[in-house]
Amino acid sequence: MGQITSISNERVRRAQALLRSARRRMREGLIVLEGLRLVREAWMAGSPIAELFFTAEFAAEARGAALVKGIDQAGASLWEVPPQVLVALSDTETPQGVVAVVSAPTPVQAPSGGLILIPDQVRDPGNLGTILRAAWAAGVWKVLLPPGTVDPLSPKVLRAAMGAHFYLPILRLSWEEIGHELIGRTVWLAEAGQGTSYDAVDWSGPVALIVGGEAEGAGAEARALAAGHHVCIPMALGVESLNAAVATAVLLFEAARQRRE
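Residues numbered from 1 in each chain as written. Predicted model: local features only at pLDDT ≥ 70, side-chain atom pairs only at ≥ 80, totals over all residues. Heavy atoms only, no water.

### Details of the environment of Leu182
Positionally, Leu182 belongs in the loop between helix H9 (175–181) and strand S9 (186–190). For Leu182, a relative accessible area of 5% puts it in the buried group. Considered as a pair, Leu182 and Val207 are 25 residues apart in the sequence and their alpha carbons are 8.3 Å apart. What Leu182 contacts, discounting residues up to four positions off in sequence, is Ile116, Ile118, Leu144, Val187, Ala208 and Leu225. (Helix = DSSP H or I, 4+ residues; strand = E, 2+ residues; numbered from the N terminus. Buried < 20%, exposed > 50% of the residue type's maximum accessible area, 1.4 Å probe, protein only. Contact = heavy atoms within 4.5 Å.)

### Re the sheet that holds strand S2 (residues 30–34)
Spatial strand order, S1-S4-S3-S5-S2: five strands in an open sheet with mixed pairing. If you trace the sheet from one side to the other, it starts and ends with strand S1 (2–3) and S2, each paired once. With five bridges connecting them, S2 and strand S5 (residues 98–103) associate as antiparallel partners. Across the sheet, residue Glu34 finds its bridge partner in S5, namely Val99. The sheet strands contacting helix H1 (residues 10–20) are S2, strand S3 (49–54), strand S4 (77–80) and S5, and the helix crosses S3 at an angle near 105 degrees. On the sheet, helix H3 (residues 36–44) packs against S2, S3 and S5 and is oriented at approximately 135 degrees with respect to S2. (Pairing = 2+ DSSP bridges. Axes fitted to C-alpha atoms, helices over the stretch in contact; angles between N-to-C directions.)

### A closer look at the sheet that holds strand S10 (residues 196–197)
With parallel pairing, the seven strands of this open sheet are ordered in space as S8-S7-S6-S11-S9-S12-S10. Pairing within the sheet leaves two strands with one partner each, and these edge strands are strand S8 (170–172) and S10. In terms of strand pairing, S9 meets strand S11 (residues 207–212) through four bridges, oriented parallel. Across the sheet, the residue bridging to Val187 is Ala208, located in S11. The strands touched by helix H7 (residues 125–137) within the sheet are strand S6 (116–120), strand S7 (142–145) and S8, with S6 carrying the most contacts at an inclination of about 175 degrees.

### Remarks on the pattern of salt bridges
Proximity of charged atoms lets side chains of opposite charge pair with each other. Applying the stated criterion to the full structure yields nine salt bridges. Put simply, Arg14 and Glu51 hold a salt bridge, and the shortest N to O gap is 3.1 Å. Taken together, the residues Arg14 in helix H1 and Glu51 in strand S3 connect sequence positions 37 residues apart. In this structure Glu51 comes out as buried when scored by relative accessible area, which is 1%. The residue Arg159 makes a salt bridge to Asp91 at a minimum N-O spacing of 3.1 Å. With Arg159 in helix H8 (residues 155–161) and Asp91 in the loop between helix H6 (83–89) and S5, the pair connects residues that are 68 residues apart, well separated along the chain. (Salt bridge = Lys/Arg side-chain N within 4 Å of Asp/Glu carboxyl O.)

### Quick word on the pairing of S3
Counting buried positions along S3 gives five out of six residues, so the element sits mostly inside the fold. Pairing between S3 and S5: five bridges, direction antiparallel. Across the sheet, Phe53 pairs through a bridge with Val99, a residue of S5. Strand direction decides the pairing type here: S3 and S4, joined by four bridges, are parallel. For Leu52, the partnering residue across the bridge sits in S4 and is Leu78.

Shown next as structure tokens:
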């Protein structure tokens, strides 16, 4: 365990570069996590932690001290830093006292046969993170991310997903690769105000769900895969649509309900 006092420190600058650059994250296979809950989730999932930066105040609290001790025993490089350095390492307005550089999660193996989710052209990081969190909670088999969807390893996506990355298979694929993954499945495209009501769809078999982005919805490739199978959520008069993440959660938990029965 050591101390870093300057934002010009090489380790700090490297972590900052990972925060800013998707290309750097992909090249080095590293991500940056912030906050006790998210860092603890990565540690509990067994994801290798390369470096941990924390303030003295964080380490003085019981939960913070337990986390620092556990990660220290796992062999990570630990660095106590002053608040101004943690601010430089943070992607939030109010840093939570701890930042970790962690190996990017690799897709985990999961039992075959579950529901596949494809968020298409979801460009808002908060929305994608919330979608991933809902997918994890609803027992989705895996998530396929086509071109045009926001980087799933960006800091805002990681925060909103709250640990889903370490348990849910998330694959970035081309549309051709996605097509191969969906062979033998009924593909449903979520649409606002048109299609089969979500509670009338049979979600119990081999199915996939495509949810379009906030601005333009799903693209041509997604629509071609759905082949006219549209699903909607009936809403009160005058309401045109739901937030993409909220709509996805409604659909996924109906699928989860049917699969439990």
